[in-house]
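Okay, here's what each chain looks like letter by letter:
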Amino acid sequence: MKRKMLIPLLGLTVAGLTLSFIPIKLPFIKKSFEASEKQYTYLAKEADRLRNFPRTINKKGELVVKSEWDWTGGFFPGSLWYIYNKTGDEEIKNEAIKWTEALEKAKNLDQHHDIGFVMYCSYGNAIKYLKDPKR
């Protein structure tokens, strides 16, 4: 019984080791950022129209927005910063700056403990990617 199990197990081990040396190409990362860039460009236009930070989509497929006082306010500009960092797109950068600066009123937020989400995602990424402490 043990011999019967040994050969298939050995075969699987050799196959696994062989596959581990094959380089894996990740085109889906590039495609994901391209799709994200399109989505966030559209989202920025909608956010401008609604004058608030995008948070989610409801069951009807409508965009749900929140003010800068919501604990999720920094996620939108933070995502813009990540896309800018990957793509170098100046339009995305300008949107990231605009939506980061839109959080200015909330910088002293003390109604909840999530100020780190609000500030680090937005201002933290701005400092990291612009290397400009004034922004």
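Fair warning: this is a prediction, and the values are worked out from it, not measured in the lab.

(A) Region of interest: the overall build of the protein chain. Tallying secondary structure elements over the protein chain gives 5 helices and 2 strands in all. Each of the 135 residues in the protein chain was classed as buried or not, and the buried ones make up 30%. Taking all contacts inside the protein chain whose residues are at least 6 apart in sequence as the whole, residues at least 24 apart take part in 53%. Of the roughly 9,900 Å² of accessible surface on the protein chain, a fraction of 61% belongs to carbon and sulfur atoms.

(B) Broad picture of helix 2 (residues 27–50). Taking 1.5 Å of rise per residue, the 24 residues of helix 2 would be expected to cover 34 Å, and the 34 Å separating its terminal C-alpha atoms lies within 8% of that figure. Within helix 2, burial applies to Glu-37, Thr-41, Leu-43, Ala-44, Glu-46 and Ala-47. In this structure, the buried residues of helix 2 make contact with strand 1 (53–57), strand 2 (63–66), helix 3 (75–87) and helix 4 (90–101). Directly after helix 2, the chain includes Arg-51, whose backbone phi takes a positive value near 55°.

(C) Structural view of the pattern of salt bridges. Summed over the entire model, instances satisfying the criterion amount to 8 salt bridges. Across the salt bridge formed by Glu-34 and Lys-30, the nearest N and O atoms sit 3.8 Å from each other. On the criterion of helical spacing, the pair formed by Glu-34 and Lys-30 is a turn pair, its members being 4 residues apart in helix 2. Judged by its relative accessible area of 39%, Glu-34 falls in the partly exposed class. The shortest N-O distance in the salt bridge between Glu-46 and Arg-49 comes to 2.7 Å. Taken together, the positions of Glu-46 and Arg-49, both in helix 2 and 3 residues apart, correspond to about one turn of that helix. Within the structure, one salt-bridge network assembled from shared partners comprises Asp-48, Glu-95 and Lys-98.

(D) Fine view of the side chain of Glu-37. Structurally, the position occupied by Glu-37 is in helix 2. Here Glu-37 occupies a buried position and makes no salt bridge, while the nearest side chain of opposite charge, Lys-38, is found at 8.5 Å. The contact partners of Glu-37, leaving out residues within four places of it in the chain, are Ile-83, Thr-87, Asp-89 and Ile-92.

(E) Molecular detail of the confidence of the model for the protein chain. In this model, the protein chain carries a mean pLDDT of 84, and residues with pLDDT of at least 70 account for 78%. In the model of the protein chain, helix 1 (residues 2–20) stands out as the element of lowest mean pLDDT, 62, in contrast to helix 4, which has the highest, 95.

(F) Region of interest: unusual backbone geometry. Its identity as a non-glycine residue notwithstanding, Arg-51 has a phi of 55°, on the positive side. Along the chain, the position of Arg-51 falls in the loop between helix 2 and strand 1. Arg-51 gets classed as exposed once you look at its relative accessible area, which sits at 71%.

(G) Inspection of the packing of helix 2 against helix 3 at higher detail. Close contact between helix 2 and helix 3 brings their axes to 10 Å; oriented N to C, the two are set at 135°. Put simply, helix 2 runs oblique to helix 3. For helix 2 against helix 3, the interelement crossing comes out left-handed. Touching Ile-29, Phe-33, Ser-36, Glu-37, Tyr-40, Leu-43, Ala-44 and Ala-47 of helix 2 are Phe-76, Ser-79, Leu-80, Tyr-82, Ile-83, Lys-86 and Thr-87, all from helix 3. Tallied by class, the residues present in the contact of helix 2 with helix 3 amount to 10 nonpolar, 3 polar and 2 charged.

Analysis parameters
Residues numbered from 1 in each chain as written. Predicted model: local features only at pLDDT ≥ 70, side-chain atom pairs only at ≥ 80, totals over all residues. Heavy atoms only, no water. Helix = DSSP H or I, 4+ residues; strand = E, 2+ residues; numbered from the N terminus. Buried < 20%, exposed > 50% of the residue type's maximum accessible area, 1.4 Å probe, protein only. Contact = heavy atoms within 4.5 Å. Areas by Shrake-Rupley, 256 points an atom, 1.4 Å probe, with all protein chains shown as cover. Expected span 1.5 Å × (residues − 1). Salt bridge = Lys/Arg side-chain N within 4 Å of Asp/Glu carboxyl O. Lys, Arg positive; Asp, Glu negative; His and termini not counted. pLDDT = per-residue confidence, 0-100. Axes fitted to C-alpha atoms, helices over the stretch in contact; angles between N-to-C directions. Parallel < 35°, antiparallel > 145°, perpendicular 65-115°, else oblique. Left-handed = near helix turned anticlockwise from the far one by under 90°. Nonpolar A, V, L, I, M, F, W, Y, C, P; charged D, E, K, R; others polar.

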